Amino acid sequence: MSYDLGAPVPLTMTVKDASGAPADSGNMRLTITLPDDSTAIVDPVAPSSTGSYAYSYPTTQVGRHAVRWLGTGANPAACTDVFDVRPASSLMLFSLADGKAQLDIPASSTGDDDELRQFIEATTAAVEFFVGPVVPRTVEQVVCGDRAAWVLHTMPVMAVTAITPIQTWQQAIDPADLDVDTETGILRRTDGLIFYSGDYRVTYKAGRTVTSPNITLAGKLILQHLWRTQYGSARGPSVADDYQVTEPIPGFGYAIPNRALQLLQNDRQMGGFA
């Protein structure tokens, strides 16, 4: 399950004796390994009731966390688990409220909110598979110098924010001296010179400032299809005949509504990912 950065994660562990009855371990230790390989250790963890242990961990890093419970002494026990922490800025094509409206879920119904946000993130990935990045994000790419132009692999490009020389002997390049073709990702120097030799790390922002209505609608149709595939018509609106799905798409893994592909058709040649 994914949690928001800064939100507490409820971690639990249950211990039983040889007969299957709840029982305390002689000592319970909790180790959480963070994405940067540092660890948070709670030792000991006191039982909240016989055989039941709980700890609320306040998240501080984005990414995958590993959890290890280890009970020693009397009634030894062990358990390994994981949880993920989302970035503070999530890649969502549209809001949770828009997703609920598409699925006819009342705004006051919050029981599915966390799961629905994951579905919206999956929907965003599906749309961006075809049209390149829609939600703005920061990208880093290493390019080779000694040439007239650089080509960035993630388009559309919104802005180049930094160019960092990798070798110590290289000359710096000011992003203000570049002409950026946002649609093709081609960078050229405005002073007419070629790029200096050596390797450079280009940091840039890719995505779209404004999301066109056809992209948003395509995303909502994909969300509707994914939600119905998971839960059936009992938990989502019916789908009209012209929303029948494609065959599974090579390189993507599953089918999406034909109508969504039609809506994305005019944007399919814009940008993409390396």
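Above this note sits the structure.
Before going into details, it helps to say that this report is about the structure given with it. Values in this document were obtained by computation on a predicted structure and should not be read as measured data. Per chain, residues are indexed from 1 in the order of the written sequence. Totals for whole chains, interfaces and linings use every residue, but because this is a predicted model, local features are given only for residues with pLDDT of at least 70 and side-chain atom pairs only at 80 or more, for both listing and counting. The side-chain quantities take in all heavy atoms of the structure and omit both hydrogens and water.

Put simply, DSSP H or I for four residues or longer makes a helix, DSSP E for two residues or longer makes a strand, and each gets a number counted from the N terminus. The secondary structure content of the protein chain amounts to 4 helices and 14 strands. The buried label applies to any residue whose accessible area, calculated with a 1.4 Å probe on protein chains only, is under 20% of its type's maximum; exposed applies above 50%, and partly exposed to all values in between. Within the protein chain, the proportion of its 274 residues that are buried is 38%. We call two residues in contact when some of their heavy atoms are within 4.5 Å. Residue pairs at least 24 apart in sequence account for 69% of intrachain contacts in the protein chain once pairs closer than 6 positions are excluded. Note on areas: Shrake-Rupley, 1.4 Å probe, and residue coverage restricted to the protein chains presented here. Of the roughly 14,200 Å² of accessible surface on the protein chain, 52% is carried by carbon and sulfur atoms.

Only when DSSP finds a minimum of two bridges between them are two strands counted as paired. A sheet is described by the order of its strands in space; here 5 strands give the open sequence E1-E8-E7-E3-E4, paired in mixed fashion. Looking along the sheet, the strands with just one partner apiece sit at the ends: strand E1 (2-4) and strand E4 (39-42). Neighbouring strand axes in the sheet, compared pairwise and without regard to direction, differ in orientation by 25° on average. When strand E7 (residues 63-72) meets strand E8 (residues 77-86), the two strands line up antiparallel, connected through 9 bridges. Angles here are taken between N-to-C directions and fall from 0 to 180 degrees, while the axes themselves are lines fitted to C-alpha atoms, restricted in helices to the stretch in contact.

We now examine the nonpolar core. In this text, buried Ala, Val, Leu, Ile, Met, Phe, Trp, Tyr and Cys residues form a nonpolar core when linked through side-chain atoms within 4.5 Å. If you look at the biggest cluster of nonpolar residues, it comprises 23 residues, and the most contacted ones within it are Leu-116, Val-127, Val-131, Ile-215, Ile-222, Leu-223 and Leu-264. Every element with two or more residues in this core is listed here: helix H2 (113-131), helix H3 (213-231) and helix H4 (258-264). Ignoring anything within four residues of it in the chain, the contact list for Ile-222 reads Thr-123, Ala-126, Val-127, Ile-256, Pro-257 and Ala-260. One finds Val-15, Ile-32, Val-42 and Phe-83 within the second-largest nonpolar core, a separate group that totals 18 residues.

What follows is about the pairing of strand E9 (residues 137-144). Here E9 shows a clear split, with Arg-137, Val-139, Gln-141 and Val-143 buried on one side and none of Thr-138, Glu-140, Val-142 and Cys-144 buried on the other. Looking at chain direction, E9 and strand E14 (residues 199-206) are connected through 8 bridges and run antiparallel. Across the sheet, Cys-144 pairs through a bridge with Asp-199, a residue of E14.

Our focus in this paragraph is the pattern of salt bridges. What counts as a salt bridge is simple: a side-chain nitrogen of Lys or Arg found within 4 Å of a carboxyl oxygen of Asp or Glu. With the rule as written, the count across this model stands at 10 salt bridges. Salt-bridge contacts for Glu-128 lead to Arg-137; the nearest nitrogen and oxygen are separated by 2.8 Å. Relative accessible area serves as the criterion here: at 6%, Glu-128 is assigned to the buried category. The exposure class assigned to Arg-137 is buried, which follows from its relative accessible area of 16%. Look at the salt bridges and you will find they share partners, linking Asp-4, Arg-86, Asp-114, Arg-117 and Glu-121 into a network.

What follows covers the environment of Cys-79. Structurally, Cys-79 is set in strand E8. Distance from Cys-79 to Trp-69, taken between C-alpha atoms, is 5.1 Å for residues 10 residues apart in sequence. Sequence-distant contacts of Cys-79, that is, excluding residues within four places in its chain, are made with Met-13, Val-67, Arg-68 and Trp-69.

On to H2. Working rule for helices: expected span equals 1.5 Å times residues minus one. Spanning 19 residues, H2 covers 27 Å between terminal C-alpha atoms, matching the ideal 27 Å at 1.5 Å per step. Within H2, burial applies to Asp-113, Leu-116, Arg-117, Phe-119, Ile-120, Thr-123, Thr-124, Ala-126, Val-127, Glu-128, Phe-130 and Val-131. Of the surrounding secondary structure, the elements contacted by the buried residues of H2 are E1, E8, helix H1 (96-102), E9, H3 and H4. Gly-132 sits one or two positions beyond H2 and adopts a positive phi of about 80°.

Looking at the element boundaries, Ser-25 is found in the loop between strand E2 (8-14) and strand E3 (27-33). The buried category is assigned to Ser-25, whose relative accessible area is 9%. It is 9.8 Å that separates the C-alpha atoms of Ser-25 and Thr-14, two residues lying 11 residues apart in sequence. A distance of 2.6 Å separates a polar side-chain atom of Ser-25 from the backbone oxygen of Asn-75. N or O atoms closer than or at 3.5 Å make up a polar contact, with two conditions inside protein: a donor-capable atom paired with an acceptor-capable one, and, for residues adjacent in sequence, both atoms drawn from side chains.

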